[in-house]
Every structure is written in C-alpha cells, then in structure tokens.
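Structural characterization, general
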Amino acid sequence: MAGAEVNQSDAGRVVMRRADGNPIRVLVVDDEPVLAELVSMALRYEGWDIATAGDGATAIALARQNPPDVAVLDVMLPDMSGLDVLRKLREQMPGLPLLLLTAKDSVEDRIAGLTAGGDDYVTKPFSIEEVVLRLRALLRRTGVSSETGDAKLVVGDLVLDEDSHEVTRGGELITLTATEFELLRFMMRNAKRVLSKAQILDRVWSYDFGGRSNIVELYVSYLRKKIDSGREPMIHTLRGAGYVLKPPR
C-alpha cells in the first residue's frame, strides 16, 4: 500500500495524497443510499477517490478490481454479515485499514468488530465529520499517510491543530468543547466559503439529527464568544444564506 503526501490548500486545508501523487482510494460499503452518499460527498471534499457498494458481494468485487487504501464498512448488509466481508477483505489485503459503521452499540458488538480485524468503530447515528477525522487518523496510524504532526489549519492568526486538538488565536490558547472544535474545524477547512445551516448540520452533527437549525445558531454563538471576543471578528452571518469564516482584514 502506497504512502501518502500532504498538500496544504490556500485556505489551510490539509489534503492527504498517496506518495505517487494520486488521490487516496476509499471504499464505502453501506446499504443505506442516503448515508452512503453523505459519507462519500464528505470524503470527495477531502480530494479522495470514492467507490461505493450497497452489499458485501459488490464490495469484495470492487476491492479485488481496484484495491482501496482504506474502507468504511457497515456491519449490517443485506447479503452477508459485514464481519464476513471484513474477513474476506483482510484475506485479499491484510494491511487494509477498516472503519466499521453499525447501529449496534453494545460492548460485545464492539469487541466482535475489533476482534474480526476492524481498526476503529463508529456507531449510528454519527457526525459525518467524526468519520472524516477517524479515517484521517487511521491513514496516519496505519502508515498509509506519511503525515507527522503538522496537520494544522491556519486562517489569519487562528490556528487549529488536528492532532493535539489545540486552538490558538494570536498565540493565545482557546479552550473548546468537542462539538465546538468540530464546528470550527469544518468552518476553517471551508474558509471564505458560505456554509448553510443544513451543510453544517450534515457535517458536524449526526446525519439524521432532524434538521434543527437552532443548534447551529447556538454553537456559532458559543464559538464567537471564544474566537472573536475582544478581537476583530472572523465569523460572519450572511442573512438568509449561512455563515462564513474569513481572516480579519
């Protein structure tokens, strides 16, 4: 499996790539089309190549035709157990990093998935951003990526370290909750882009959260108090459109 290089975009977004310069290949296996598309869209934004399968047999065939660098695998599939798919993928590609998705949240299910060879485990409903974060961590940890501690997003004097989860502005440390961190990370990775409440809900909160946009307003206000208080504002509201984070003038 090839290593990966990291490119930095103008907006401070860290882009992981294979050492040969090609995009990282991801296999997404889930029989829920809406969920599979949400995950795929988020991963395409990472600059990665995505292949999707709605059942185990298709997943195994796709992996044989075009071996992925990492896989996202639902445990519950219509034709066979996701754990059986996992074992077959492991036979083909022993070192393939695997992130398991499941609605089951018991300790026994977690142990079964990890014992079968899964590298990490996310339960439904989950935030799409959490899946992205875990996949990036898997790529680093399993050696697919050569990224080493420099996964920092920088917008103006605002710096977010994806590894240490430290955030500073003008060198001053800012303490954020886990949700505030994910929201800020999404906004920084989309710096200068207008983000609608619906987009933020899809990426930061669970995919079936219910569309309650007031939670977005609440957390944006929390972020403003911590990021912009006493400083030139970076988080702006565009009435009727959404929010945008941009460097101070």
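**Some points on the pattern of salt bridges**
For the structure shown, the criterion picks out 13 salt bridges. Two residues, Glu 217 and Lys 197, come together in a salt bridge whose shortest N-O distance is 2.3 Å. Highlighted residues: Glu 217 in helix H8 (residues 214-227) and Lys 197 in helix H7 (residues 197-204), separated in sequence by 20 residues. Assessed through its relative accessible area of 36%, Glu 217 is described here as partly exposed. Taken together, the salt bridges that share partners define one network made up of Glu 46, Arg 136 and Arg 189.

**A short note on the layout of surface pockets**
Volume-wise, the largest pocket comes out at about 250 Å³. Looking at the largest pocket, it is lined by 13 residues, and the ones nearest its centre are Met 41, Ala 42, Phe 186, Gln 199 and Arg 203. Among the secondary structure elements, those contributing two or more residues to the lining of the largest pocket are helix H1 (33-45) and H7. Considering every element that reaches the lining of the largest pocket, the biggest residue donor is H1, with four residues. The class makeup of the residues in the lining of the largest pocket is eight nonpolar, two polar and three charged.

**Quick word on the pairing of strand E7 (residues 120-123)**
Side chains Asp 120 and Val 122 project from E7 onto one buried face, and the interleaved Tyr 121 and Thr 123 project onto a second face that is buried too. The pairing of strand E6 (residues 98-102) with E7 spans four bridges and is parallel. Bridge assignment links Leu 99 to a residue of E7, and that residue is Asp 120.

**Some details on unusual backbone geometry**
Non-glycine residue Lys 192 carries a positive phi angle of around 75 degrees. Along the chain, Lys 192 turns up in the loop between helix H6 (178-189) and H7. By relative accessible area, Lys 192 is classed as exposed at 63%.

**Regarding H8**
Between the first and last C-alpha of H8 there are 20 Å, a value that for 14 residues agrees with the 20 Å anticipated at 1.5 Å per step. Along H8, the residues classified as buried are Ile 215, Val 216, Tyr 219, Val 220, Leu 223 and Ile 227. Across the axial projection of H8, the buried residues extend over an arc of 130 degrees, all falling on one side.

**Quick look at the packing of aromatic side chains**
Summed over all chains, the structure comprises one aromatic pair. Ring centres of Tyr 219 and Tyr 222 lie 5.1 Å apart, and the angle between their planes is 75 degrees; on these two criteria the pair is classed as edge-to-face. A residue pair is termed a helical-turn pair when its members lie 3 or 4 positions apart in one helix, as Tyr 219 and Tyr 222 do in helix H8 at three residues. Overall, the relative accessible area of 19% leaves Tyr 219 in the buried class.

Conventions we followed
Residues numbered from 1 in each chain as written. Predicted model: local features only at pLDDT ≥ 70, side-chain atom pairs only at ≥ 80, totals over all residues. Heavy atoms only, no water. Salt bridge = Lys/Arg side-chain N within 4 Å of Asp/Glu carboxyl O. Helix = DSSP H or I, 4+ residues; strand = E, 2+ residues; numbered from the N terminus. Buried < 20%, exposed > 50% of the residue type's maximum accessible area, 1.4 Å probe, protein only. 1 Å grid on protein atoms, 1.4 Å probe; cavity = no way out; pocket = protein on both sides within 12 Å on 5 of 7 lines; lining within 4 Å. Points joined across faces, edges and corners; volume = space filled by probe spheres on them. Nonpolar A, V, L, I, M, F, W, Y, C, P; charged D, E, K, R; others polar. Pairing = 2+ DSSP bridges. Expected span 1.5 Å × (residues − 1). Arc of directions from axis to C-beta. Phe/Tyr/Trp six-rings, centres within 6.5 Å; stacked < 30°, edge-to-face > 60°.

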